[in-house]
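# Remarks on the overall topology
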Amino acid sequence: MRSGHPFIRLLDVSCLMHLEGVPLAVHFFGYLERNGYIAPRARVGLLAHYYTLTSDGITLYEEGERWWGSLGWQQKLWVIWRG
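## Thoughts on the overall build of the protein chain
Of regular secondary structure, the protein chain possesses 3 helices and 5 strands. Its helices and strands taken in sequence order, the protein chain reads β-β-β-α-β-β-α-α from the N to the C terminus. Evaluated residue by residue, the protein chain yields a buried proportion of 23% over its 83 residues. Within the protein chain, counting contacts between residues at least 6 apart in sequence, those at least 24 apart form 33% of the total. Per element, the accessible surface of the protein chain, about 6000 Å² overall, is 60% carbon and sulfur.

As structure tokens, this is what we get:
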């Protein structure tokens, strides 16, 4: 999303949310929307709703990138494995 790719929610059904063509876990979308990290950008017909990052979302993204960059390879492996 930071590079301009939108979240896409289809049919107002929470299980049909995509980011760059990949299905997105519903709880991530809800968390981002509830906390003001994403905002509606456009709507295409009755089916597709497009979302983009807010300024708070951009800040969250940048902080996450800094955090990930601060981890060693073993810590990254642990995060990937444990979620």
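## Section: the packing of helix α2 (residues 55-70) against helix α3 (residues 73-82)
Where α2 contacts α3, the two axes come as close as 8 Å, and the packing angle between them is 120°. Put simply, α2 runs oblique to α3. Mapping the contact onto sequence places Trp67, Trp68 and Ser70 in α2 and Gln75, Lys76, Val79 and Ile80 in α3.

## Structural notes on the packing of aromatic side chains
Following the criterion strictly, the structure yields 3 aromatic pairs and no others. Between tyrosine 31 and tyrosine 37, the aromatic rings sit 5.9 Å apart at their centres with planes inclined by 35°, giving tilted as the arrangement. The interplanar angle of 55° and the centroid separation of 5.3 Å between the aromatic rings of tryptophan 78 and tryptophan 81 together place this pair among those described as tilted. Remark: tryptophan 81 and tryptophan 78 occur in helix α3; sequence separation between them is 3 residues, near one turn of the helix. In this structure, tryptophan 78 and tryptophan 81 share a single accessibility class: exposed.

## Notes on the nonpolar core
Grouped together as the largest cluster of nonpolar side chains are 7 residues: Phe7, Phe29, Leu32, Tyr37, Ile38, Tyr51 and Leu53. Those elements giving two or more residues to this core turn out to be α1 (26-34) and β5 (48-53).

## A few points about the environment of leucine 53
Mapped onto the elements of the fold, leucine 53 is located in strand β5. Counting along the chain gives 51 residues from leucine 53 to arginine 2, while the straight-line C-alpha distance between them is 7.2 Å.

Rules of the game
- Residues numbered from 1 in each chain as written.
- Predicted model: local features only at pLDDT ≥ 70, side-chain atom pairs only at ≥ 80, totals over all residues.
- Heavy atoms only, no water.
- Helix = DSSP H or I, 4+ residues; strand = E, 2+ residues; numbered from the N terminus.
- Buried < 20%, exposed > 50% of the residue type's maximum accessible area, 1.4 Å probe, protein only.
- Contact = heavy atoms within 4.5 Å.
- Areas by Shrake-Rupley, 256 points an atom, 1.4 Å probe, with all protein chains shown as cover.
- Axes fitted to C-alpha atoms, helices over the stretch in contact; angles between N-to-C directions.
- Parallel < 35°, antiparallel > 145°, perpendicular 65-115°, else oblique.
- Phe/Tyr/Trp six-rings, centres within 6.5 Å; stacked < 30°, edge-to-face > 60°.
- Core = buried A, V, L, I, M, F, W, Y, C linked by side-chain atoms within 4.5 Å.

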